[in-house]
Amino acid sequence: LDRYKDYFDKYIKNSSLNSIKFKYITEDMLESYIKSTIHDNEMTTKCWSNLKVVINGIFKRAKKRGYTQISITSFIGDLEISRNAFKKVIINPHDKVFTNPEEIRLINEIKSESVSLLGLGVIVGFRTGLRSGELSALTWKAVHEDYIEITKMEERYKDENGKYVYRVVDFPKTEAGVRKVIIPDDVKEVFAQIRKLSHGSEYIFYRDGKRIIGRYFTSKLYRLCHKLNINQRSLHKARMTYGTQLIDAKLPDSLIMSQMGHSSIETTRRYYYYNNKEDEEAKEAIKNAIS
């Protein structure tokens, strides 16, 4: 809801389209508005996809109330927008995932520091691929001998005063997000350390009488990257690293999907799979592959 409101405020609220009475908006006006908005704001395809959701909702509601005869579903389906109209985003794989040496350095640095829940949480994130919101909502009841049961998620929204509110909900980000994540042996040792710091709390990551908010894990990772002169990347990039490692290990697609909480392996391959090899390692791998 917050995202859609932001899109309305940014792209529609002060547009020429919003100054016209709804019943007078024609398909030509709507098409002109969409194409000029994409061009003037140098939109990516993802940005347009989000704006499209808002436009769809507005016009569907308007038609139900008799304010327009435009069938927005048909209109969007017939709308022709060249791919060249969208801003091209050049992806550098090393901005999306951590290399193996970088991950090792980060984890070793955490182990060399004074024991902290945030540092241990970052290790769990790297080694299990959990989202920061899943880490924050994790309870001891969800942790079993060999797996973590993911059924909860931290949710963030703005209250009436525009301040962010954080709460735990009894469902994950997606239906496929309900899953059992295998616990590697080194993470079992990490959980043993965390238990000593938890003081009997329901939540695993809990300090000063409060549950640790998910974004604090990324803040901790940022500080570690800065300290080690590693390109700063969020905990979500650690999750992408985990997904890349699963695919590179040639695990069955069904197992990768269940560990990542994705309903399609294409989601993992398209959005979570990047080259995480350093240049010398990549050269050596290619030489071995074609020799």
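Scroll up to find the structure.
Throughout what follows, the structure given in this document is the object of discussion. (Residues numbered from 1 in each chain as written. Predicted model: local features only at pLDDT ≥ 70, side-chain atom pairs only at ≥ 80, totals over all residues. Heavy atoms only, no water.)

With respect to the overall build of the protein chain
Definition in use: Each helix is a run of DSSP H or I of at least 4 residues and each strand a run of E of at least 2, with the numbering of both proceeding from the N terminus. Exposed residues in this analysis have more than 50% of their type's maximum accessible area, buried residues have under 20%, and partly exposed residues fall in between, with area computed by a 1.4 Å probe over protein chains only. The contact rule is simple, with two residues in contact once any of their heavy atoms fall within 4.5 Å. Accessible surface area values rest on a Shrake-Rupley calculation with a 1.4 Å probe, where residue burial reflects the displayed protein chains alone. Neither His nor the chain ends contribute to the count of charged residues, in which Lys and Arg are positive and Asp and Glu negative. For this purpose, a charge sits on NZ of Lys, CZ of Arg, CG of Asp or CD of Glu.
The number of helices and strands found in the protein chain is 14 helices and six strands. Projected onto the principal axes, the alpha-carbon positions of the protein chain cover approximately 65 × 55 × 35 Å. Evaluated residue by residue, the protein chain yields a buried proportion of 40% over its 291 residues. Within the protein chain, residue pairs in contact and separated by at least 24 positions form 65% of the contacts whose partners lie at least 6 positions apart. Here the protein chain displays about 17500 Å² of accessible surface, and carbon together with sulfur accounts for 49% of that area. Separation between the mean location of the 50 positive side-chain charges and that of the 38 negative ones in the protein chain comes to 5 Å.

Some points on the side chain of Thr37
Using the following cut-off: Each polar contact in these results corresponds to two N or O atoms within 3.5 Å; when the atoms are within protein, one needs to be able to donate a hydrogen and the other to accept it, and residues that are neighboring in sequence are counted only if both atoms are side-chain atoms.
Along the chain, Thr37 falls in helix α2 (residues 27-40). Here Thr37 falls in the buried class, since its relative accessible area comes to 7%. Only 2.6 Å separates the side chain of Thr37 from the backbone oxygen of Tyr33, close enough to count as a polar contact. Apart from the residues lying within four places of it in its own chain, the contact partners of Thr37 are Tyr11, Met43 and Leu51.

Topic: the packing of aromatic side chains
For clarity, the cut-off: Two rings from Phe, Tyr or Trp (for Trp, the six-membered ring) form a pair when their centres are within 6.5 Å of each other. A pair whose planes differ by under 30 degrees is stacked, one over 60 is edge-to-face, and the rest are tilted. We call a charge positioned above a ring when the Lys NZ or Arg CZ atom is no farther than 6 Å from the ring centre and deviates by at most 35 degrees from the ring normal.
Applying the stated rule across the entire model yields five aromatic pairs. Here Trp140 and Phe191 contribute two aromatic rings whose centre-to-centre distance is 6.3 Å and whose plane-to-plane angle is 70°, an arrangement assigned as edge-to-face. Highlighted residues: Trp140 in the loop between α8 (132-136) and β1 (147-150) and Phe191 in helix α9 (residues 185-198), separated in sequence by 51 residues. Assessed through its relative accessible area of 6%, Phe191 is described here as buried. An angle of 80° between the planes, with centres 5.1 Å apart, marks the rings of Phe205 and Phe217 as edge-to-face. With Phe205 in the loop between α9 and β5 (206-207) and Phe217 in helix α10 (residues 215-228), this pair connects stretches of sequence that are twelve residues apart. Looking at Phe205, the relative accessible area reads 0%, which means it is buried. Note that Arg156 overlies the ring of Tyr164, its terminal NZ or CZ placed 3.9 Å from the centroid.

Observations regarding a positive patch on the surface
Stated formally: Only residues whose relative accessible area exceeds 30% and that form no salt bridge are eligible for patches; like-charged ones are grouped when within 9 Å, while nonpolar side chains (Val, Leu, Ile, Met, Phe, Trp, Tyr) are grouped when within 5 Å. What makes a salt bridge here is a side-chain nitrogen of Lys or Arg within 4 Å of a carboxyl oxygen of Asp or Glu, nothing more.
A cluster of like positive charges, contributed by Lys60, Arg61, Lys64 and Arg65, occupies part of the molecular surface. By the secondary structure assignment, Lys60 is in helix α3 (residues 45-64). Residue Lys60 is classed as partly exposed on the basis of its relative accessible area, which comes to 45%.

Notes on the nonpolar core
Keep this limit in mind: Among buried residues, those of type Ala, Val, Leu, Ile, Met, Phe, Trp, Tyr and Cys that are joined through side-chain atoms within 4.5 Å constitute a nonpolar core.
Ranked by internal contacts, the top residues of the largest apolar core, which has 46 residues, are Leu106, Val124, Phe191, Ile194 and Phe205. If you list the elements that add at least two residues to this core, you get α6 (100-112), α7 (117-128), β1, α9, α10, α11 (235-248) and α12 (253-260). The element that contributes the greatest number of residues to this core is α7, accounting for seven residues. The residues contacting Phe191, other than those within four sequence positions of it, are Val124, Leu138, Trp140, Val143, Ile148, Ile183 and Ile204.

What to know about the pairing of β1
Worth spelling out the cut-off: Pairing between two strands requires that DSSP report at least two bridges joining them.
Alternating residues of β1 divide into Ile148 and Ile150, all buried, and Tyr147 and Glu149, none buried. Two elements, β1 and strand β4 (residues 179-182), share four bridges in a ladder whose sense is antiparallel. When the sheet's bridge partners are listed, Glu149 is paired in β4 with Lys180.

Re the packing of α6 against α7
Here is the rule: To obtain an axis, a line is fitted to C-alpha atoms, over the contacting stretch when the element is a helix, and the angle between two such axes runs from 0 to 180 degrees between their N-to-C directions. Small angles under 35 degrees read as roughly parallel and large ones over 145 as roughly antiparallel, with 65 to 115 read as roughly perpendicular and the rest as oblique. Should the near helix be turned anticlockwise from the far one by less than a right angle, the crossing is left-handed, and should it be turned clockwise, the crossing is right-handed.
Direction vectors running N to C along α6 and α7 enclose 150°, while the axes themselves pass 9 Å from each other. Relative to α7, α6 is oriented roughly antiparallel. Crossing hand, α6 versus α7: left-handed. Listed contacts from α7 to Glu103, Leu106, Ile107, Ile110 and Lys111 of α6 are Gly119, Leu120, Val122, Ile123, Phe126 and Arg127.

Let's talk about a negative patch on the surface
Together, Glu27, Asp28, Asp78 and Glu80 make up a negatively charged patch on the protein surface. With respect to the element layout, Asp78 can be found in helix α4 (residues 72-78). Given a relative accessible area of 64%, Asp78 falls into the exposed group.

A closer look at the layout of surface pockets
Put simply, the test is: Think of a 1 Å grid over just the protein atoms. A cavity is a set of points where a 1.4 Å probe fits yet cannot get out, a pocket is an open set with protein on both sides within 12 Å along at least five of seven lines, and lining residues have an atom within 4 Å of a point. Grid points are joined across faces, edges and corners, and a volume is the space filled by probe spheres set on the points. Side-chain classes follow a simple rule in which Ala, Val, Leu, Ile, Met, Phe, Trp, Tyr, Cys and Pro form the nonpolar group, Asp, Glu, Lys and Arg form the charged group, and the remainder, Gly included, forms the polar group.
Empty space within the largest pocket amounts to approximately 2400 Å³. What lines the largest pocket is a set of 50 residues, among which Arg3, Lys46, Asn50, Lys173 and His236 lie closest to the centre. Considering each element in turn, the lining of the largest pocket owes the most residues, six residues, to strand β2 (residues 153-158). When grouped by side-chain class, the residues that make up the lining of the largest pocket number 19 nonpolar, 14 polar and 17 charged. Of the pockets and cavities examined, the second largest pocket occupies roughly 210 Å³. As for the second largest pocket, its lining consists of Phe8, Ile12, Leu17, Asn18, Ile20, Phe22, Ile25, Tyr33, Ile55, Ile58 and Phe59. Among the secondary structure elements, those contributing two or more residues to the lining of the second largest pocket are α1 (2-12) and α3. Counting residues per element, the lining of the second largest pocket draws most heavily on α3, at three residues.

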